[in-house]
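Below are the chains, spelled out letter by letter.
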Amino acid sequence: MVDGYLRYVALGDSQTEGLGDGDDVQGLRGCADRFAELLVAGNPEVRYANLAVRGSLAGQVRARQLAPALAMKPDLATVVAGVNDLLRPGFDADEVAGHLEAMFAALTGQGARVATVTFPDIARITPLARPLAPRITALNDRIRTAAHRHGVALAETGLHPVLTDPRLWSPDRLHASPLGHARIAAAVADALGLPGSDDQWTHPLPADPNTPTRLRAVGVELRWVGSFLGPWLARRIRGRSSGDGRVAKRPELLPAGPLIAGRLREPGSMERSGLMDESGSVERPGSTEAR
């Protein structure tokens, strides 16, 4: 019963932490925070913890976040991990899915309702990532199987073309933009059947009048390699992770209502929240349809 969702815990990596939606100075929001906001809209007593840390592999999420999550006795949890594994040379889809399934089993076994997602084909966002397409397909297939086996709600964000619209992604193309995070949150709400949720998150954005020419697109790719891919590869070579030395941003179950109220009081909160889409139209909370 939706009214029973009072203790929500989010496990994952940078997407769940909120990279691409805010910054480390003003604070990160992200799909998990946005999903918590949807829960609060239905029940202001919701408490929320976010254990995600950027750069985490699926095995690290299991090793470092599962036990603290279970200790909080959540009645609702989201588990999203695997993209960082996809980017590693030694990627093993069965191993990654095994970590995810172990978390599904532990959380559902304790009585929590669990939700997860499939991953979009990032080759549609970053042409240089085409070699990763078979890996994404393999991991998504295993996520579907594991989710079905454990009764996990599955948001099929990997199936709908709008999730690869560049406007839903930040400039680094690895993390969702504010609008992208809002769509992911709406997808999870839809998968769980939250009141007021629907499939509007699957609807395409208005046509983009600023679609780059082929020559400009080549320039964009080159700048992306220099600004984002290069530094990422350098960290891998040095054996470093973006999450080194970082801790979860919200490691305890705290009332989610004050978090939401504080954002609504911020000047310009509507524009920064992702409630305004790329066409300048306002989107209602919990909806991805431009009004």
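Everything below is about the structure printed above this text.
Please read these numbers as outputs of a predicted model, since none were measured by experiment.

### Side note on the pattern of salt bridges
Then, in step 1: Considering all chains together, one arrives at 11 salt bridges under this definition.
Then, in step 2: We note a salt bridge from aspartate 21 to arginine 34, for which the minimum N-O separation is 2.7 Å. With aspartate 21 in the loop between helix H1 (14–17) and strand E2 (22–23) and arginine 34 in helix H2 (residues 30–42), this residue pair connects regions lying 13 residues apart in the sequence. The residues aspartate 21 and arginine 34 share a single accessibility class, namely buried.
Then, in step 3: Connected through shared salt-bridge partners, Glu17, Asp24, Arg54 and Arg246 make up one network.

### Quick look at helix H3 (residues 58–71)
Then, in step 1: Between its terminal C-alpha atoms H3 stretches 19 Å, which fits the 20 Å expected from 14 residues at 1.5 Å a residue.
Then, in step 2: When the local axis directions of H3 are compared, the greatest deviation, roughly 45°, occurs at glutamine 65, which is followed within four positions by the proline proline 68.
Then, in step 3: Turning to H3, the residues buried within the fold contact strand E1 (7–12), helix H4 (83–86) and helix H5 (93–109).
Then, in step 4: The positive-phi residue at the C-terminal boundary of H3 is lysine 73, with phi of around 50°.

### Observations regarding the packing of aromatic side chains
Then, in step 1: Considering all chains together, one arrives at two aromatic pairs under this definition.
Then, in step 2: Between tyrosine 8 and phenylalanine 35, the ring centres sit 5.2 Å apart and the planes meet at 80°, which makes this aromatic pair edge-to-face. Of this pair, tyrosine 8 sits in strand E1 while phenylalanine 35 sits in helix H2, and the two are 27 residues apart along the sequence. When sorted by exposure, tyrosine 8 lands in the same class as phenylalanine 35, which is buried.
Then, in step 3: For the pair tyrosine 8 and tyrosine 48, a centre-to-centre distance of 5.2 Å together with 10° between the ring planes defines the contact as stacked.

### A closer look at helix H7 (residues 178–192)
Then, in step 1: End to end, H7 covers 21 Å across 15 residues, agreeing with the expected 21 Å (1.5 Å per residue, within 8%).
Then, in step 2: Most of H7 is tucked away: 12 of the 15 residues are buried.
Then, in step 3: All of the buried residues along H7 are Leu179, Gly180, His181, Ala182, Arg183, Ile184, Ala185, Ala186, Ala187, Val188, Ala189 and Leu192.
Then, in step 4: Each element contacted by the buried residues of H7 is listed here: H1, H2, strand E5 (76–80), strand E6 (113–117) and strand E7 (153–155).
Then, in step 5: Two residues or fewer after H7 comes glycine 193, characterised by a positive phi angle close to 70°.

The rules we used
- Residues numbered from 1 in each chain as written.
- Predicted model: local features only at pLDDT ≥ 70, side-chain atom pairs only at ≥ 80, totals over all residues.
- Heavy atoms only, no water.
- Salt bridge = Lys/Arg side-chain N within 4 Å of Asp/Glu carboxyl O.
- Helix = DSSP H or I, 4+ residues; strand = E, 2+ residues; numbered from the N terminus.
- Buried < 20%, exposed > 50% of the residue type's maximum accessible area, 1.4 Å probe, protein only.
- Expected span 1.5 Å × (residues − 1).
- Bend = angle between axes of the 7 residues up to and from the residue.
- Contact = heavy atoms within 4.5 Å.
- Phe/Tyr/Trp six-rings, centres within 6.5 Å; stacked < 30°, edge-to-face > 60°.

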